[in-house]
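Here are the chains, one letter per residue:
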Amino acid sequence: MLTKEDLTRLHNLKDEGKLYTSVYLNVNPATNPKGEYFVTFRNLIKQESEKLSSSDQKLIYEDIKRIETYLKTGKTEFKKSIAIFSSSQNDLWEVYHLAVPLKNQVVTDRTPYLKPLSEILEQYHSYAVAIVDREHARIFRIQLGEISEYDELFTPDIPRKHKKGGWQGRDENRFRRHIDVHVHFHLLDVVKHLEAVLHVGEVNHIILGGTEESVPLFNKMLPQTIIAKIAGTFTTDMHTSNDEILAKSISIIMDAGKCSEEGLVDELVTRSSKDGSAAVGLEDVLTQMQAGNVHHLIYNEGFSASGFKCSSCNLLTIQNHKECPYCGSEFEKIDHLIDYTIQRAIDKGANISPVMDNVKLKEAGNIGALLRY
Ligand SMILES: [Zn+2]
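Reading the values: rules and limits
- Residues numbered from 1 in each chain as written.
- Predicted model: local features only at pLDDT ≥ 70, side-chain atom pairs only at ≥ 80, totals over all residues.
- Helix = DSSP H or I, 4+ residues; strand = E, 2+ residues; numbered from the N terminus.
- Buried ≥ 20, exposed ≤ 12 C-beta atoms within 10 Å, placed from the backbone.
- Contact = placed C-beta atoms within 7 Å.
- Pairing = 2+ DSSP bridges.
- Axes fitted to C-alpha atoms, helices over the stretch in contact; angles between N-to-C directions.
- Expected span 1.5 Å × (residues − 1).
- Bend = angle between axes of the 7 residues up to and from the residue.
- Domains from an automatic or database assignment.
- Nonpolar A, V, L, I, M, F, W, Y, C, P; charged D, E, K, R; others polar.
- Parallel < 35°, antiparallel > 145°, perpendicular 65-115°, else oblique.
- Left-handed = near helix turned anticlockwise from the far one by under 90°.
- Core = buried A, V, L, I, M, F, W, Y, C linked by C-beta atoms within 7 Å.

## Points about the overall build of the protein chain
Per the secondary structure count, the protein chain includes 13 helices and 16 strands. In terms of its C-alpha atoms, the protein chain occupies a principal-axis envelope of roughly 90 × 55 × 30 Å. Counting all 373 residues of the protein chain, 29% fall into the buried class. The contacts in the protein chain between residues at least 6 apart in sequence include a share of 69% that link residues at least 24 apart.

Right under this line is the structure:
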């Protein structure tokens, strides 16, 4: 998982005259069924190396070979996009697999090219998820749609009631107090860990999970600094899988974003009916895309459609033409037209906003675009 620390570390590599090759590639299997990214890389690195002196071209030869080998063999790990930083001169090789789409780019320079990475870290908020019960806690981070476990706490010395059998009267009260004190210290410890996560400055929001008993108990102990960051809570136990925690958290994250999503869809629908400065429905969106007129693409998450792609000029369409109306080449049928549409929008510098089950957008054809002009 890509973190701000990674970015800072790469950023701190100073210009010492050594060459770095930075590669951003869309490797989404849906839009690259035949490993098309390999050709994309070859074309981009060719253009890039033509700008270099012949001695510099020799210096990146090793890097190109290594990247090509990786693109051919690393496939099983590919998600939607990949970022590679390679400098054989400075013994650097770093690969990041990302679950979000990126624009294809290759840059060779005296420092790593990091702008696309810092932009997506800015765009996708980062979350900490804390799962608590009376003696355990697990802290996760969610970033760019991926979850990873960050920290685990266990405060085991809570005495078990059944061990000694028969706590009664005064002893029973003492026992309760003893447990409450332990739980209290355990939860305070969790608060400290959460504050440390916040302190690093990489987390924008916190989500709380746990048993029905522990979440309200924990909630009461939180300082204002943490309360202000809470995006939502959910009920779960300590042994829930990471995938399930991610799914529950994503639905909270989506709910938190609902208001802004609704505003965006309202703007889209109003503008399309009022002055035509927005397009709705796949066919109109593709027409505007072909004209380079898409400024902001908005679509219902999970919307899918099949269609056609020109084998030569890459025109995307839902109509089964005999030949491409622009260049006369043949069309090929594609199953993941929406993935191609999103990638094309990114390549052309448009913003993209997936929204969650928006009814108004569904009625408008599940996809729309705010236009440039
Ligand atoms: Zn064509």
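## Thoughts on the pairing of strand 6 (residues 136–143)
Along strand 6, six of the eight residues are buried, which leaves the element largely enclosed by surrounding structure. By the bridge criterion, six bridges tie strand 5 (residues 127–132) to strand 6 in an arrangement that is antiparallel. Bridge pairing in strand 6 places Ala130 opposite Ile139. Two successive antiparallel strands, strand 5 and strand 6, enclose a turn made up of three residues. Judged from the eight bridges that link them, strand 6 and strand 7 (residues 146–154) form a sheet pairing that is antiparallel. Within strand 7, the residue paired with Phe140 across the bridge is Glu149.

## Details of unusual backbone geometry
Glycine aside, residues mostly have negative phi angles, and peptide bonds mostly take the trans form. Although it is not a glycine, Asp91 adopts a positive phi angle of roughly 55 degrees. Positioned with a positive phi, Asp357 is a non-glycine residue whose angle comes to about 40 degrees. Within the secondary structure, Asp357 sits in the loop between strand 15 (351–355) and helix 13 (359–363). Residue classification places Asp357 among the exposed residues on the basis of 12 C-beta atoms within 10 Å.

## A look at the sheet that holds strand 9 (residues 230–235)
Across the sheet, five strands lie side by side as 7-6-5-8-9; this open sheet has mixed pairing. The two strands at the open ends of the sheet, each matched to only one other strand, are strand 7 and strand 9. This sheet shows a mean twist of 20 degrees between the axes of neighbouring strands, independent of strand direction. Contacts between helix 8 (residues 214–221) and the sheet are confined to strand 5, strand 8 (205–210) and strand 9, with strand 8 contributing the most and set at about 140 degrees to the helix. Here helix 10 (residues 242–274) sits on the sheet and contacts strand 5, strand 6, strand 7, strand 8 and strand 9; the angle it forms with strand 9, its principal contact strand, is near 135 degrees.

## Quick notes on helix 10
Across its 33 residues, helix 10 extends 46 Å between first and last C-alpha, which sits within 8% of the 48 Å expected from 1.5 Å per residue. The largest bend in helix 10 comes to about 50 degrees, at Lys258. Considered for burial, the residues of helix 10 that qualify are Ile245, Lys248, Ser249, Ile252, Ile253, Val265, Leu268 and Ser272. Just beyond helix 10, the residue with positive phi is Gly276, at close to 70 degrees.

## Topic: the domain arrangement of the protein chain
Structurally, the protein chain comprises domain 1 (4–123), domain 2 (127–240) and domain 3 (260–371). Using C-alpha coordinates to define each centre, domain 1 is positioned 28 Å away from domain 3. Listed as interface residues are eight residues of domain 1 and, on the opposing side, seven residues of domain 3. Of the residues that constitute the side of domain 1 that touches domain 3, the class distribution is three nonpolar, four polar and one charged.

## Side note on the packing of helix 2 (residues 37–50) against helix 4 (residues 61–73)
Interhelical geometry of helix 2 versus helix 4 gives an angle of 165 degrees and a closest axis separation of 10 Å. Taken together, the axes of helix 2 and helix 4 are roughly antiparallel relative to one another. Handedness of the helix 2/helix 4 crossing: right-handed. Contact residues: helix 2 offers Tyr37, Phe38, Phe41 and Ile45, while helix 4 offers Ile64, Ile67, Leu71 and Lys72. Classifying every residue of the contact of helix 2 with helix 4 gives seven nonpolar, no polar and one charged.

## Considerations on the nonpolar core
Of all hydrophobic cores here, the largest spans 28 residues; its most connected members are Ala278, Val285, Val294, Leu297, Ile298 and Ala369. Of all the elements in the fold, those that place two or more residues in this core are helix 10, strand 10 (278–280), helix 11 (282–290), strand 11 (294–300), helix 12 (337–347) and strand 16 (367–371). Apart from the residues lying within four places of it in its own chain, the contact partners of Ile298 are Leu264, Val265, Leu268, Ser353, Val355, Leu361, Gly368 and Ala369. Residues Tyr127, Ile139, Val190 and Leu208 belong to the second largest nonpolar core, which totals 24 residues.

## What about the sheet that holds strand 1 (residues 20–26)?
Taken together, four strands build an open sheet; the order of strands is 3-2-1-4 and the sheet is antiparallel. Looking at the sheet topology across the chains shown, the edges are occupied by strand 3 (92–98) and strand 4 (105–109). For this sheet, the mean angle separating the axes of adjacent strands, direction not counted, is 5 degrees. Where strand 1 and strand 4 come together, five bridges link them in antiparallel fashion. Across the sheet, Thr21 pairs through a bridge with Thr108, a residue of strand 4. Packed on one face of the sheet, helix 4 meets strand 1, strand 2 (81–87) and strand 3 and runs near 150 degrees to strand 2.

## Quick notes on the environment of Ser273
Mapped onto the fold, Ser273 is located in helix 10. Measuring from C-alpha to C-alpha, the distance between Ser273 and Leu52 comes to 50 Å, with 221 residues separating the pair along the chain.

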